[in-house]
Amino acid sequence: MKEPQNLYRTLFTSTFMLSAFTFGGGYVIVPLMRKKFVEELKWIDDVEMLNMISIAQSSPGALAVNTSVILGYKLKGIKGALVTVLGTILPPLLLLSLISLFYASFRDNALVAAVLSTMQAGVAAIILHVVYTMTRSILTSKNLTSALILFTSLVLVILFQVPILPVLILSALAGFLPDLSMKKEGESHDAVS
Amino acid sequence: MMLYLELFLSFAQIGLFSFGGGMAALPLIENQAVQVKGWLALSEFVDLITIAEMTPGPISVNSATFVGTKVAGPLGAISATLGVIFPSVVLVLVLASLYHKYRDLPVLAKVLRGLRPASAALIGAAGFAIVKVALKKTPQEALSLQNFSGFSLLLLIASFFLLVRYKKSPLFIIGLTGLIGGLSYVLFS
C-alpha cells in the first residue's frame, strides 16, 4: 500500500492532468479516467467505473466533477473527494480566468480554431473507443436484460431525444427485471465466441 | 461581499438544476446571467458558449469562471465556480457514501445493474453527437455530403486504431491530433 501522502498527490495530479485535457465536453473525462485509474493504476475495475459513472449521471452538475468526487471518496473519503474536486476545477478555473481577459482575440484566432477542429476527430475516436470497451464488457456477460437496456436507452436518447433523467429512472427500474441469460435460452450459441 | 454571495447563489441554482451535462446548463446560465442579473449581454453569452467549448473542462465550470471574472474579478470567478459545483458535490458525496455502505444490498445491486448499461448507452449517445460534429468541414453548418471532411474521418480512424491496436493513451491522441491541426495550419495557409 502506498503512503497516504503519495496517494493524495497522485489523486491531485491525475485529476488535474485529466481535467486539463477534457476538450469536447464532460463525457471525455470517462475514457481519460478509465485509462488512468482502471488500466494504469488498477485502483478500480470496469464494473466499479460504470457504477461510479451511473451515480455521477444520476445527480445534477458536471459529469467530470461528479465522477471525481466519487472516485476521491472511494479511495480516501471526504478528504480524497476534496482533493479530486480541487484537481478537477483548477485547470478550467485558471485557464478561463486568463482567457476571459482577452477572449475576443482567442475566439477569433485561426490557429486555435485549426488545432481544435482536428482535435475533435481525436476526441471522437477516444469516446468511441471507451464506448466499445464498455459495451463489450456488458455484452460479453451474455446477459440479455443488460443488452436490452443498453439498446433501448441508445434508441431513446439518439432517435427520440428523451432527456437523460427519464432514461436513468427507467433503466434503474429495468434492473429489477429477471435475468435473461443468452446461454440458458439457447438462442444464440454463436453470438459471442 | 454581496456580489460574491450573489454569484455563488446564482450559480448554485444553475448547478442544482442542470441534469445531463453542460449543454443542459446553458439555458439556465442564459436565464440567470443574461435575463435575471444582467451580468452579460446576449452577444457575450454567445461568446461564452464558443469559448467554453473551445477550452478543456466542464462547460458549467468554464461559464462560471467566465461570468465571475467579468463581474467581480478573480474572487468572483472563485465564488461562481464554487457555487456551480457546490450542490452536486454535496449530493454526490451523499450518494457515494450510501453506495459504499449499501452496495451489497440486493436492491441497490439491481438498480446499478440497470443503470450500468444505460450509462454506457448515454456515453454512446454523447459519442454519436461528437462524431457528427467532428466530421463537419464547417462547424456552423449541418453535417451533409458537401460539408463532410474526409480528412477528419481519416484522423478519427487512425486515432481509433492507435487506441485499440497500440493502446495509446487518450491524452497522447488529443495532443497528436491537435498538433496535426496546428502544423497543417502553419504549413498550408
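Rules and cut-offs
Residues numbered from 1 in each chain as written. Chains lettered and ligands numbered in written order. Predicted model: local features only at pLDDT ≥ 70, side-chain atom pairs only at ≥ 80, totals over all residues. pLDDT = per-residue confidence, 0-100. Contact = placed C-beta atoms within 7 Å. Helix = DSSP H or I, 4+ residues; strand = E, 2+ residues; numbered from the N terminus. Nonpolar A, V, L, I, M, F, W, Y, C, P; charged D, E, K, R; others polar. Core = buried A, V, L, I, M, F, W, Y, C linked by C-beta atoms within 7 Å. Buried ≥ 20, exposed ≤ 12 C-beta atoms within 10 Å, placed from the backbone. Domains from an automatic or database assignment. Axes fitted to C-alpha atoms, helices over the stretch in contact; angles between N-to-C directions. Parallel < 35°, antiparallel > 145°, perpendicular 65-115°, else oblique. Left-handed = near helix turned anticlockwise from the far one by under 90°.

Caption draft 1: Structural view of the confidence of the model for chain B. On average, chain B scores 88 in pLDDT, and the residues at 70 or more come to 98%. The ipTM value of the predicted complex is 0.84, and its pTM value is 0.83.

Caption draft 2: Region of the structure containing the interface of chain A and chain B. Listed by partner, the interface residues are 89 residues for chain A and 81 residues for chain B. Elements that contribute at least two residues to the side of chain A that touches chain B include exactly helix 1 (4–20), helix 2 (29–40), helix 3 (46–57), helix 4 (63–99), helix 5 (103–107), helix 6 (110–139), helix 7 (144–158) and helix 8 (164–174) of chain A. By residue number, the principal contributor to the side of chain A that touches chain B is helix 6 of chain A, which donates 24 residues. Its residues assigned to classes, the side of chain A that touches chain B comprises 63 nonpolar, 23 polar and 3 charged.

Caption draft 3: Structural detail: the nonpolar core. Val69, Val123, Ala124 and Ile127 of chain A together with Ile123 of chain B are the most contacted members of the largest nonpolar core, which totals 110 residues. Sort the elements by how many residues they give to this core and helix 4 (residues 59–102) of chain B lands first, with 17 residues. Lining this core are residues from two domains, each supplying at least three of them: domain 1 (2–102) and domain 2 (133–189) of chain B. Here Ile127 of chain A is in contact with Tyr27, Val28 and Pro31 of chain A together with Ile123, Ala126, Gly127 and Ile130 of chain B, once residues within four sequence places are set aside.

Caption draft 4: Fine view of the packing of helix 1 (residues 2–17) of chain B against helix 4 of chain B. Residues and elements named next belong to chain B. Interaxial distance between helix 1 and helix 4 falls to 7 Å at its minimum, and their mutual angle equals 40 degrees. Classed by the angle they form, the pair helix 1 and helix 4 counts as oblique. For the element pair helix 1 and helix 4, the recorded crossing hand is right-handed.

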